[in-house]
Amino acid sequence: MSDRIELETVVRARPEHVFEVVAEPGWFIGGGDRTGQKHSREGELEVLDDPRYGRFAFRFEQHEAPRRLAFRCGFAPLGEPVPDPRNATTTLITFEVAAHADGALLRVIESGIEAYMPDESERARFVEGNTAAWTKQLAIAKAIAENPSK
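Residues numbered from 1 in each chain as written. Predicted model: local features only at pLDDT ≥ 70, side-chain atom pairs only at ≥ 80, totals over all residues. Heavy atoms only, no water.

Asks: What should I look at first to understand the packing of aromatic side chains in this one?
Replies: To describe a pair of aromatic rings, one takes the distance between the centres and the angle between the planes. In total, this model carries eleven aromatic pairs according to the counting rule given. Between tryptophan 27 and phenylalanine 95, the aromatic rings sit 5.7 Å apart at their centres with planes inclined by 55 degrees, giving tilted as the arrangement. One end of the pair, tryptophan 27, is in the loop between α1 (15-23) and β2 (38-42); the other, phenylalanine 95, is in strand β6 (residues 92-100), and 68 residues separate them in sequence. The same class applies to tryptophan 27 as to phenylalanine 95, namely buried. Ring-pair connections join several aromatic residues into one group, and the members of that group are Trp27, Phe28, Phe58, Phe60, Phe71, Phe95 and Trp134. (Phe/Tyr/Trp six-rings, centres within 6.5 Å; stacked < 30°, edge-to-face > 60°. Helix = DSSP H or I, 4+ residues; strand = E, 2+ residues; numbered from the N terminus. Buried < 20%, exposed > 50% of the residue type's maximum accessible area, 1.4 Å probe, protein only.)

Below, the structure is given as structure tokens:
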């Protein structure tokens, strides 16, 4: 059983532009529909309120523009306090952007899954679900970066 998910896609855009897309906290929440989302800052945390999916707090562990970004995320239903990702077991999400002959190579790595989900059968479902979700989100990031006017 894998402790990480690692996926990548080639994006026909400048690496710096691709990094700008993935550096926005929570860009992947909402499946490309950001209607009604609100961003705020609570201390060291970037917070995103999404009217459909709840509250998300992001704690950035690495921010090496324009190549690498790593963060942990906490979640709570709307109206409830969002947990600080430093005080809970979470996975580490990392986006890496590298130059590529066709523009940029965008990679997402979600690691620390075993500690987050110790039960093997639950972990298998988590990995399967998040692999599918990250595949869709990489396609969304690619579309945003390649078509900035849309």
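After presenting the structure, the write-up continues.
Asks: So what exactly am I meant to see when it comes to helix α3 (residues 120-146) here?
Replies: Three or four residues apart is the spacing at which side chains of an α-helix point the same way, because the helix has 3.6 residues per turn. End to end, α3 covers 38 Å across 27 residues, agreeing with the expected 39 Å (1.5 Å per residue, within 8%). Buried residues of α3: Arg123, Phe126, Val127, Asn130, Trp134, Gln137, Leu138, Ile140, Ala141 and Ala145, and no others. Elements that come into contact with the buried residues of α3 comprise β1 (4-11), α1, β6, β7 (103-111) and α2 (113-116). (Expected span 1.5 Å × (residues − 1). Contact = heavy atoms within 4.5 Å.)

Asks: How do you make sense of the environment of valine 11 when you look at a structure like this?
Replies: Structurally, the position occupied by valine 11 is in strand β1. For valine 11, a relative accessible area of 1% translates into the label buried. Separated by 91 residues in the primary sequence, valine 11 and aspartate 102 have C-alpha atoms spaced 7.2 Å apart. Leaving out residues up to four positions away in the same chain, valine 11 has contacts with Val18, Asp102, Gly103, Ala104, Leu106, Lys142, Ala145 and Glu146.

Asks: Hey, could you run me through the pairing of β6 in this one?
Replies: Look at any regular strand and the pattern is simple: side chains alternate between the two faces of the sheet. With four bridges joining them, strand β5 (residues 68-76) and β6 adopt antiparallel strand pairing. Each bridged residue has a counterpart across the sheet, and for alanine 70 the counterpart in β6 is threonine 94. Relative to β7, β6 runs antiparallel, the two being bridged by nine bridges. When the sheet's bridge partners are listed, threonine 94 is paired in β7 with isoleucine 109. (Pairing = 2+ DSSP bridges.)

Asks: Would you mind going over the pattern of salt bridges with me for this structure?
Replies: A side chain with one charge can pair with a side chain of the opposite charge if their charged atoms come near. Here the structure, examined in full by the defined rule, presents 15 salt bridges. In this structure, arginine 55 engages aspartate 49 in a salt bridge whose closest nitrogen and oxygen atoms are separated by 2.5 Å. By relative accessible area, arginine 55 is classed as buried at 13%. Arginine 68 is the partner of glutamate 96 in a salt bridge, and the nearest nitrogen-oxygen pair spans 2.3 Å. Residue glutamate 96 is found in strand β6, and its partner arginine 68 is found in strand β5; the two are separated by 28 residues along the sequence. (Salt bridge = Lys/Arg side-chain N within 4 Å of Asp/Glu carboxyl O.)

Asks: Help me out: how do you make sense of the sheet that holds β6 in this one?
Replies: Hydrogen bonding along the main chain pairs the strands of a sheet, whether they run parallel or antiparallel. If you trace the seven strands from one edge of the open sheet to the other, you get β1-β7-β6-β5-β4-β3-β2, paired in antiparallel fashion. Since the sheet does not close on itself, it has two edges, and those belong to β1 and β2, each with one partner. Across the sheet, the axes of successive neighbouring strands diverge by a mean angle of 25 degrees, strand direction being ignored. Packing against the sheet, α1 makes contact with β1, β4 (54-64), β5, β6 and β7, and its axis sits at approximately 165 degrees to β6. (Axes fitted to C-alpha atoms, helices over the stretch in contact; angles between N-to-C directions.)

Asks: Help me understand the nonpolar core, please; the structure alone is not making it clear to me.
Replies: Generally speaking, soluble globular proteins have nonpolar side chains that are buried together. Judged by nonpolar contacts, the single largest core of 32 residues is most densely connected at Val18, Phe28, Phe95 and Leu106. Secondary structure elements with two or more residues in this core: β1, α1, β4, β5, β6, β7 and α3. With seven residues, the single largest contributor to this core is α3. Leu45, Val47, Ala57 and Val82 belong to the second-largest nonpolar core, a separate cluster that totals five residues. (Core = buried A, V, L, I, M, F, W, Y, C linked by side-chain atoms within 4.5 Å.)

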